[in-house]
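# Survey of secondary and tertiary structure
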Amino acid sequence: MILVTGGAGFIGANFVLDWLATEGTPVVNLDKLTYAGNAGNLESLRNDGRHHFVHADINERERVGALLRQHRPRAIVHFAAESHVDRSIHGPGEFVHTNVVGTLSLLEEARAYWSGLAGAERDRFRFLHVSTDEVYGSLGADDPAFSETTPYAPNSPYAASKAGSDHLVRAYHHTYGLPTVTTNCSNNYGPLQFPEKLIPLMILNALAGKPLPVYGDGKNVRDWLYVGDHCAGIRAALARGRPGETYNIGGNSEKTNLEVVHTLCALLDELQPAGAPHAKLITFVKDRPGHDRRYAINATKIRDELGWGPQERFETGLRRTVRWYLDNKGWTDNVTSGAYRHWIDANYRERGTA
Ligand code: NAD
Ligand code: TYD
């Protein structure tokens, strides 16, 4: 049994599905079901007795403690977070509440539970904290990629809140001996990603014939990783990662935003022709404040120590992703109703494309 937090979100849901298909041991999935969490992501597990969903906030300490004592998980895999940089600019408070205070609550309950374990159960327990490369800040064009020893320099409220949570996790290992492992991963893409993030937003806008809003000059660089590869990296870190260590996970696939959007447009021209090329919809809009220029990951440590490397190439992964969105219109219609519209209006009206 493992306890997953945030397992109804994009990466968490992919992880739960991947875990049950590979490891196969039961999962307790604790999720608050914010706008980003969607029970429908786990619809295929409706009759699967190995998946136990709990609708709760990681800040509800008593419930978390009771779950740990009841299910006695051998690991906690912590995904739950507010995760969108643009939302953190509009409202940083929720990011501190969940990412920093929520992680502290979870660490406290994990420590209490782990302290009560003995022998092999205590030795094998792990607290795996899922984090981001954004904690390292922004790279210049010729700077070496982020390694595990790159100093933290978060620039957005999101990155700062994730950095805070990483520091707490580190401190719980050094101070209390809690067997923690932290992973810092680059930008993910793939099925089930909420369409506020670059790739699904561009796919859905293109299909609707709406403008494709590229921030600034579109030359910001991200390192893209297929979500299934991230899940495999987390499984490797959980199985073989050394307590107290951090591991960077990346796709070795640096692209400018414009390259990503043009590749998506070409795929849609092929798979869902619209008469005019989709690239005609590309619209340059007002930049994100404090927009990090470049992220890049040096994933040598996880490759050498844990034998992990990305399996999916960007071109094939993106094709799979576009196909998934084309084949799952019911899912996108569901998540883009209601509150989604308010966010799109708030974020893009000021940029002139709402
Ligand atoms: P997401 O926003 O899609 O999902 C977050 C999930 O957490 C949702 O299901 C939400 O309901 C849940 N949640 C939020 N607040 C909660 C709370 N207080 N208590 C319980 N559940 C809560 O995020 P994602 O993209 O799947 O990211 C998952 C994790 O991976 C995050 O920690 C994020 O920082 C990290 N990460 C994401 C990326 C990426 O590219 N998406 C890259 C690296 C790391
Ligand atoms: P995003 O998916 O929000 O991830 P992050 O900011 O965490 O890297 O954005 C990826 C890149 O795409 C980032 O440089 C901002 C840019 N972007 C746009 O140009 N237009 C958009 O509408 C969005 C959502 C993002």
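The coordinates are above.
The text that follows walks through the structure, step by step, so that each part is easy to find.

Scoring rules and cut-offs
Residues numbered from 1 in each chain as written. Chains lettered and ligands numbered in written order. Predicted model: local features only at pLDDT ≥ 70, side-chain atom pairs only at ≥ 80, totals over all residues. Heavy atoms only, no water. Helix = DSSP H or I, 4+ residues; strand = E, 2+ residues; numbered from the N terminus. Buried < 20%, exposed > 50% of the residue type's maximum accessible area, 1.4 Å probe, protein only. Contact = heavy atoms within 4.5 Å. Pairing = 2+ DSSP bridges. Axes fitted to C-alpha atoms, helices over the stretch in contact; angles between N-to-C directions. Core = buried A, V, L, I, M, F, W, Y, C linked by side-chain atoms within 4.5 Å. Arc of directions from axis to C-beta. Disulfide = S-S within 2.5 Å. Near = heavy atom within 4 Å. Polar contact = N/O pair within 3.5 Å; in protein donor to acceptor, adjacent residues only side chain to side chain. Areas by Shrake-Rupley, 256 points an atom, 1.4 Å probe, with all protein chains shown as cover.

Right, let's talk about the side chain of Ser 131 for a bit. Locating Ser 131 in the fold gives a position in strand β5 (residues 126-132). The class of Ser 131 is buried, set by a relative accessible area of 5%. In contact with Ser 131, other than residues within four places in its own chain, are Lys 162, Asp 166, Thr 182, Thr 183, Asn 184 and Cys 185.

Taken in spatial order, the seven strands line up as β3-β2-β1-β4-β5-β6-β10 in an open sheet, and their pairing is parallel. Across the chains shown, the open sheet's two edge strands, defined by having one partner strand only, are β3 (51-55) and β10 (246-249). Sheet twist, expressed as the average angle between the axes of neighbouring strands with direction ignored, equals 20°. Here strand β1 (residues 2-5) pairs with strand β4 (residues 75-78) via four bridges, running parallel. Counterpart to Ile 2 in the pairing with β4 is Ala 75.

Here we take up the nonpolar core. Ranked by internal contacts, the top residues of the largest apolar core, which has 69 residues, are Phe 15 and Val 77. No other element matches helix α9 (residues 257-271), which puts eight residues into this core.

This next bit is on helix α13 (residues 339-349). Of the residues making up α13, those classed as buried are Tyr 340, Trp 343, Ile 344, Asn 347 and Tyr 348. One side of α13 holds all its buried residues, which, seen down the axis, span an arc of 100°. Turned more than 90 degrees from where α13 packs its buried face, Ala 339, His 342 and Arg 349 sit exposed.

What follows concerns the state of the cysteines. Disulfide: a covalent bond formed between the sulfur atoms of two cysteine residues. The full count for this structure, using the stated rule, is zero disulfides. For Cys 185, which is in no disulfide, the shortest distance to another cysteine sulfur is to Cys 231 and amounts to 9.4 Å.

The full set close to ligand 1 counts 29 residues, and Ile 11, Asp 31, Ser 83, Tyr 158 and Lys 162 are the nearest of them. Note that an oxygen atom of ligand 1 is positioned 2.7 Å from one of the backbone N or O atoms of Ile 11. Taking Thr 98, its side chain carries an N or O atom lying 3.1 Å from a nitrogen atom of ligand 1. Protein chains shield 97% of the accessible area of ligand 1, which is 840 Å² for the free molecule. Listed by contribution, the elements that provide at least two residues to the shell around ligand 1 are α1 (10-22), β5, α6 (157-176) and β7 (187-189).

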